[in-house]
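Okay, here's what each chain looks like letter by letter:
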Amino acid sequence: MTPNTKGVTDITSIRTAEGWLYLAVILDLFSRQVIGWAMQPQQDYGLLLQAAQMAQEQRTTSTAVFLHSDRGKQYTAHEFQAFLHTHGMIRSMSGVGNCYDNAVAESFFGLLKRERVNRRRHRTRAKARTDIFDYIERFYYCQRRLSYSQGLPPGIYATTGITNS
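Just so it is clear, the model here is predicted, and its values are computed rather than measured.

A tally of regular secondary structure across the protein gives six helices and five strands. From first element to last, N terminus to C terminus, the protein shows the α and β order β-β-β-α-β-α-α-β-α-α-α. Of all 165 residues assigned to the protein, the portion counted as buried reaches 45%. Counting only contacts in the protein whose residues sit at least 6 apart along the sequence, the fraction spanning at least 24 positions is 56%. Accessible area of the protein: about 8,800 Å², with a carbon and sulfur share of 50%.

This is the structure in structure tokens:
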């Protein structure tokens, strides 16, 4: 597997005193790096578009990218599908009731919630956003060691050129 050719996306919810905050992520399957993410109070295709735009801006090649998701209505929305098509992303969707296809995204969310979200009570969505930004960009990307990536953090593993065959 090579970087920036296969990704997985999913959405999770974060409880705050103000109400729910939804987080959409796109992870590169090669490095497990979060290459696109977005947060907002609504769970709709706009949330996914923001995450996909961030991922698209970070792409370094023009080769097609396979992006895997579940069959949620946000992923099947015409606007989201049109964005993928326009930017050379090929959609891939899980079989009905197959949770294992999205295991990489679910694993990331498990780490995020176990190591950060469940340990804190966020009074506002803004505080939760700041905390999640810190986890993704400062901790997970640069410091969180993963067994998948030979004990390296995703951001470092992505730049080493090591393959995990």
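Having put the structure on the table, let's press on.
At a minimum axis separation of 9 Å, helix α1 (residues 45-58) and helix α3 (residues 78-86) run at an interaxial angle of 10 degrees. Classified by the interaxial angle, the pair formed by α1 and α3 is roughly parallel. On α3, the residues that touch Tyr-45, Leu-48, Leu-49, Ala-52, Gln-53 and Gln-56 of α1 are Glu-79, Phe-80 and Phe-83.

A few words on the environment of Phe-66. The topology assignment puts Phe-66 in strand β4 (residues 65-69). Among the residues examined, Phe-66 registers a relative accessible area of 41% and is labelled partly exposed. The spacing of Phe-66 and Gly-7 is 59 residues in sequence and 6.1 Å in space, taken between C-alpha atoms. Apart from the residues within four sequence positions on either side, Phe-66 is in contact with Thr-5, Lys-6, Gly-7 and Ile-90.

Attention now moves to α3. Within the sequence span of α3, burial applies to Phe-80, Gln-81, Phe-83 and Leu-84. The arc that holds the buried residues of α3, viewed along the axis, is 155 degrees, so those residues lie on one side. For α3, exposure combined with an orientation more than 90 degrees from the buried face picks out His-78, His-85 and Thr-86. Tucked inside the fold, the buried residues of α3 contact α1, β4, α2 (73-76) and β5 (89-93). Backbone geometry just after α3 places Gly-88 at a positive phi near 70 degrees.

Moving on, we get to the sheet that holds strand β2 (residues 19-28). Strand order across the open sheet formed by five strands is β3-β2-β1-β4-β5, with mixed pairing between neighbours. Since the sheet does not close on itself, it has two edges, and those belong to β3 (34-40) and β5, each with one partner. Sheet twist, expressed as the average angle between the axes of neighbouring strands with direction ignored, equals 25 degrees. Pairing of strand β1 (residues 6-16) with β2, which is carried by 10 bridges, proceeds in the antiparallel orientation. What sits directly across from Asp-10, in β2, is Val-25.

Across the protein, the average pLDDT comes to 84, with 87% of residues at 70 or higher. Taking the mean pLDDT of every element in the protein, the minimum, 72, falls on helix α6 (residues 154-160) and the maximum, 95, on β2.

Per the counting criterion, the structure on display carries five aromatic pairs. Relative to Phe-133, the ring of Trp-37 lies with its centre 5.9 Å away and its plane at 55 degrees, an arrangement referred to as tilted. Note that Trp-37 is positioned in strand β3 and Phe-133 in helix α5 (residues 125-140), a separation of 96 residues in sequence. With a relative accessible area of 11%, Trp-37 lands in the buried category. With a relative accessible area of 35%, Phe-133 lands in the partly exposed category. Counting every residue linked through ring pairs, the aromatic cluster contains Phe-108, Phe-109, Tyr-135 and Phe-139.

Rules behind the numbers
Residues numbered from 1 in each chain as written. Predicted model: local features only at pLDDT ≥ 70, side-chain atom pairs only at ≥ 80, totals over all residues. Heavy atoms only, no water. Helix = DSSP H or I, 4+ residues; strand = E, 2+ residues; numbered from the N terminus. Buried < 20%, exposed > 50% of the residue type's maximum accessible area, 1.4 Å probe, protein only. Contact = heavy atoms within 4.5 Å. Areas by Shrake-Rupley, 256 points an atom, 1.4 Å probe, with all protein chains shown as cover. Axes fitted to C-alpha atoms, helices over the stretch in contact; angles between N-to-C directions. Parallel < 35°, antiparallel > 145°, perpendicular 65-115°, else oblique. Arc of directions from axis to C-beta. Pairing = 2+ DSSP bridges. pLDDT = per-residue confidence, 0-100. Phe/Tyr/Trp six-rings, centres within 6.5 Å; stacked < 30°, edge-to-face > 60°.

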